[in-house]
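If you want the building blocks of each chain, they are given just below.
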Amino acid sequence: MLLVIAWMVILGFPGLDRLHPRDYEGAKREKLLQQGIGGQLEVLVGDIDRLVRRPLADRLEWTQRVPRVSHSWHLYRDGPSKVRRLEVWVDDELWFRSQDKEHDWRRAQLTMRKFRPMVSTTASDPKAKNWRGAVRWIAREAHKDKPELTEVRVVGTAAPFPDGEPSTVKRTYIARPPAFEPMRTQNDKGPSDGGEE
Amino acid sequence: MIARWWQRWVDHCDRDVDIRPIALLRILVSLCVLGDLLRVAQLGLVDDFFLPYKDGGLSVIDEDWWVLDDLVGSDQAGFVAYGVTVVCALMIALGIGVRPAIVIGVLFYAQLGHGYPPGDRAIDRVLRLMWMFLLFTPAHRKWSVENLLRKREAVETAKGWFFDLVKWFLIVMYLCAGIGKLQNNPDWMGLRAFSPLYRILTDPLAANLDSSWWYFLHPLFRFGSWATIIIELTPFLMLTRYCPHWAVGGFLIHFGIALTMNLGMFSWGMLAMYPVLFAPWLFENRGYALR
């Protein structure tokens with residue numbers, strides 16, 4: 001049991017993931033050391049993390065990989081700064097809109113917990129590559145319900161709290177038959193907007 | 001001196017505790033995994049989740065540790081991992097061949113995660129870890145179909161280390177969550193109108209509450225943000241006799257999440273570990289906390 005506790009301490013000590021070794025070197029280090037006991041303690045924690053914990057964690061990393069139990073355990077560090085939504089337009093007709101009971105096509109699938117990260121990052125995270133799979137899946141499913149469709153547009157919108165209006169289109173993806181390979185069309189260089197599980 | 005402390009530690013880990021909370025945890029954790037995977041099948045998403053993008057699936061991520069595709073082919077690997085995990089979860093819940101089922105189940109459940117990384121969430125990793133802890137307990141000897149089939153007597157006690165280990169893991173997890181929240185955004189304890197909890201629980205991409213309609217209760221959300229941080233920064237109370245009292249707060253957080261967010265089995269999976277925390281109230285109080 002002691003070994004397991006030590007394993008957890010080394011690999012998952014709360015709060016140390018966000019420390020960067022470079023923050024405790026050179027001028028930054030000197031500045032912290034001059035800030036009194038608080039800064040000196042921070043440097044000490046940073047040194048222990050850099051010199052002891054991280055090298056051990058690197059060597060133990062594989063033990064987390066096989067059973068895939070590695071995680072930051074941040075569990076929603078923050079909420080999104082905007083009201084973000086995903087919309088599905090089939091030939092200019094709105095079929096799905098997040099949290100919209102009147103447009104709830106494939107809602108059960110798109111909000112399923114294992115699918116939700118695909119939807120969430122497609123709508124709000126330009127760095128993630130999930131949009132390819134998500135948009136293609138949406139287009140193929142739409143084609144099942146409307147074989148004559150010519151274009152499926154998946155749109156990520158953002159709007160201010162609390163009203164969620166007016167909403168701005170942040171990113172747009174298009175997929176067309178027969179292959180439904182998706183394309184990204186605009187506004188995809190903005191920052192990621194939101195917390196995540 | 002050291003020998004005496006060591007002996008005290010060994011005696012503490014070796015103390016007898018009621019096995020029922022551990023058996024209940026085994027059943028609940030496994031039912032969560034089983035229910036979640038069956039829900040995937042019910043929604044017709046097995047082939048979408050567990051096939052690579054090139055074969056028509058969702059995920060473009062290709063992980064090194066996804067090795068099953070080399071063994072059985074990429075078009076079959078997901079189905080094999082899914083099927084084996086479902087069978088193992090059922091076996092563990094029923095108490096049939098539990099230890100082999102845990103070993104195989106953890107490996108194949110992890111392969112599902114390697115095959116479809118976006119869908120392998122925090123709760124999947126928590127539940128795999130719980131299965132790994134259970135491997136070293138006699139949890140399969142209580143409330144077990146195998147007991148009936150083999151006409152063997154149920155075991156009534158287990159060693160206390162399991163309680164301490166589950167609590168230790170939960171302490172690390174909740175502390176990471178609480179510290180991470182405050183490091184990222186001090187508004188968790190602040191007075192801003194759109195508190196983090198309000199923004200999370202009204203996020204259309206993850207939750208059910210309408211941001212406009214629920215804004216009139218924003219003071220309550222602000223109080224909820226503070227309460228969340230207080231709960232997440234005080235899990236060490238689990239090591240004291242106040243463990244079940246603390247667990248009431250944790251229970252409310254997870255139950256609230258289940259009501260307001262689309263996180264599937266997350267809340268139920270977390271609450272599946274709570275029999276260990278509520279043990280002094282639910283079962284005979286016998287050596288659950290550190291003394």
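1. Description of the overall build of chain A
Looking only at helices and strands, one finds 6 helices and 5 strands in chain A. Each helix and strand of chain A, placed in order from N terminus to C terminus, yields the pattern α-α-α-β-β-α-α-α-β-β-β. Its C-alpha radius of gyration of 23 Å places chain A more than 25% over the 16 Å reference for a compact globule of 197 residues. Viewed in the frame of its principal axes, chain A has a C-alpha envelope of about 65 × 40 × 30 Å.

2. Remarks on the overall build of chain B
Counting its regular elements, chain B contains 15 helices and 2 strands. Computed over C-alpha atoms, the radius of gyration of chain B comes to 21 Å, within 12% of the 19 Å expected from 2.2 N^0.38 for 291 residues, which places it in the range of a compact globule. Its C-alpha atoms give chain B principal-axis dimensions of about 60 × 55 × 35 Å. For chain B, buried positions account for 51% of its 291 residues. Long-range contacts, defined as pairs at least 24 residues apart, comprise 71% of the intrachain contacts of chain B with a sequence gap of at least 6.

3. Details of the domain arrangement of chain B
All names here are of chain B. Split into domains, chain B comes out as domain 1 (14–159) and domain 2 (161–291). Centre-to-centre, using C-alpha coordinates, domain 1 lies 25 Å away from domain 2. Of the residues lining the interface, 23 residues belong to domain 1; the matching set on domain 2 comes to 23 residues. Of all elements in the fold, only strand S1 (16–18), helix H2 (20–42), helix H7 (122–134) and strand S2 (157–159) reach the threshold of two or more residues within the side of domain 1 that touches domain 2. Counting residues per element, the side of domain 1 that touches domain 2 draws most heavily on H2, which supplies 10 residues. Of the residues contributing to the side of domain 1 that touches domain 2, the split by class is 15 nonpolar, 2 polar and 6 charged.

4. Remarks on the domain arrangement of chain A
Here chain A is partitioned into domain 1 (2–65) and domain 2 (83–186). Computed over C-alpha atoms only, the centres of domain 1 of chain A and domain 2 of chain A are separated by 41 Å.

5. A closer look at the packing of helix H2 (residues 26–33) of chain A against helix H3 (residues 37–65) of chain A
All names here are of chain A. For the pair H2 and H3, interaxial distance at closest approach is 7 Å and the crossing angle is 135°. When the axis of H2 is compared with that of H3, the two are oblique. Across from Arg-29, Leu-32 and Leu-33 in H2, the residues of H3 making contact are Gly-39, Gln-40, Glu-42 and Val-43.

6. Observations regarding the interface of chain A and chain B
Residue-level contacts link 56 residues of chain A with 58 residues of chain B. Among the elements that take part in the side of chain A that touches chain B, helix H5 (residues 116–124) of chain A stands out by supplying 7 residues, more than any other. The residue inventory of the side of chain A that touches chain B, partitioned by class, reads 25 nonpolar, 17 polar and 14 charged.

7. Description of the pairing of strand S1 (residues 83–90) of chain A
Residue and element names in this part refer to chain A. A large share of S1 lies buried, amounting to 7 of its 8 residues. Pairing geometry for S1 and strand S2 (residues 93–97), over 4 bridges, is antiparallel. Bridge pairing links Glu-87 to Arg-97 in S2.

8. Regarding the confidence of the model for chain B
Across chain B, the average pLDDT comes to 94, with 97% of residues at 70 or higher. The ipTM, which scores confidence in the relative placement of chains, is 0.91 for this predicted complex, and the corresponding pTM is 0.92.

9. Here's the deal with the packing of helix H1 (residues 2–12) of chain A against helix H9 (residues 161–184) of chain B
Each pair of packed helices can be described by the angle between their axes along with the distance between the axes. Taken N-terminus to C-terminus, the directions of H1 of chain A and H9 of chain B make an angle of 10°; their axes are 11 Å apart at the nearest point. One way to sum up the angle between H1 of chain A and H9 of chain B is to call them roughly parallel. Here H1 of chain A contributes Val-4, Ile-5, Met-8 and Gly-12 of chain A to the contact with H9 of chain B, which in turn contributes Leu-165, Trp-168, Phe-169, Val-172 and Cys-176 of chain B.

10. Side note on the nonpolar core
If you look at the biggest cluster of nonpolar residues, it comprises 113 residues, and the most contacted ones within it are Ile-138 of chain A together with Ile-92, Met-130, Val-166 and Met-273 of chain B. It is H9 of chain B that provides the largest number of residues to this core, a total of 14 residues. Ignoring any residue separated from it by four or fewer positions in sequence, one finds Ile-92 of chain B in contact with Arg-26, Ser-30, Val-98, Ala-101, Ile-102, Gly-105 and Trp-131 of chain B.

11. What to know about the environment of Phe-283 of chain B
Residues and elements named next belong to chain B. Structurally, the position occupied by Phe-283 is in the segment after helix H15 (279–282). Since 16 C-beta atoms lie within 10 Å of it, Phe-283 is described here as partly exposed. Apart from residues no more than four positions distant in its own chain, Phe-283 is found in contact with Asp-18, Arg-20 and Pro-21.

12. Observations concerning H5 of chain A
Residue and element names in this part refer to chain A. Burial of H5 is extensive: 9 of the 9 residues sit out of reach of the surface. Restricting attention to buried positions, one finds in H5 the residues Arg-116, Pro-117, Met-118, Val-119, Ser-120, Thr-121, Thr-122, Ala-123 and Ser-124. Next to the buried residues of H5 lie S1, helix H4 (107–110), helix H6 (130–145) and strand S3 (152–159).

13. Description of unusual backbone geometry
It is generally the case that most residues other than glycine have a negative phi and that most peptide bonds are trans. All names here are of chain A. Note that the residue after Phe-161, namely Pro-162, is joined by a cis bond; omega there is -5°. Here Pro-162 is to be found in the loop between S3 and strand S4 (168–175). Cis geometry is found at the peptide bond from Pro-177 to Pro-178, where omega equals 10°. If you trace the backbone, Pro-178 turns up in the loop between S4 and strand S5 (183–186).

14. Structural notes on H6 of chain A
The end-to-end C-alpha distance of H6 of chain A, which contains 16 residues, comes to 23 Å, matching closely the 22 Å that a straight helix rising 1.5 Å per residue would cover. For H6 of chain A, the full list of buried residues reads Asn-130, Trp-131, Arg-132, Gly-133, Ala-134, Val-135, Arg-136, Trp-137, Ile-138, Ala-139 and Ala-142 of chain A.

15. Quick word on the environment of Trp-7 of chain A
Here Trp-7 of chain A shows up in helix H1. For the pair Trp-7 of chain A and Ala-57 of chain A, spaced 50 residues apart in sequence, the C-alpha separation works out to 8.5 Å.

About the cut-offs
- Residues numbered from 1 in each chain as written.
- Chains lettered and ligands numbered in written order.
- Predicted model: local features only at pLDDT ≥ 70, side-chain atom pairs only at ≥ 80, totals over all residues.
- Helix = DSSP H or I, 4+ residues; strand = E, 2+ residues; numbered from the N terminus.
- Rg over C-alpha atoms; globule rule 2.2 N^0.38 Å.
- Buried ≥ 20, exposed ≤ 12 C-beta atoms within 10 Å, placed from the backbone.
- Contact = placed C-beta atoms within 7 Å.
- Domains from an automatic or database assignment.
- Nonpolar A, V, L, I, M, F, W, Y, C, P; charged D, E, K, R; others polar.
- Axes fitted to C-alpha atoms, helices over the stretch in contact; angles between N-to-C directions.
- Parallel < 35°, antiparallel > 145°, perpendicular 65-115°, else oblique.
- Pairing = 2+ DSSP bridges.
- pLDDT = per-residue confidence, 0-100.
- Core = buried A, V, L, I, M, F, W, Y, C linked by C-beta atoms within 7 Å.
- Expected span 1.5 Å × (residues − 1).

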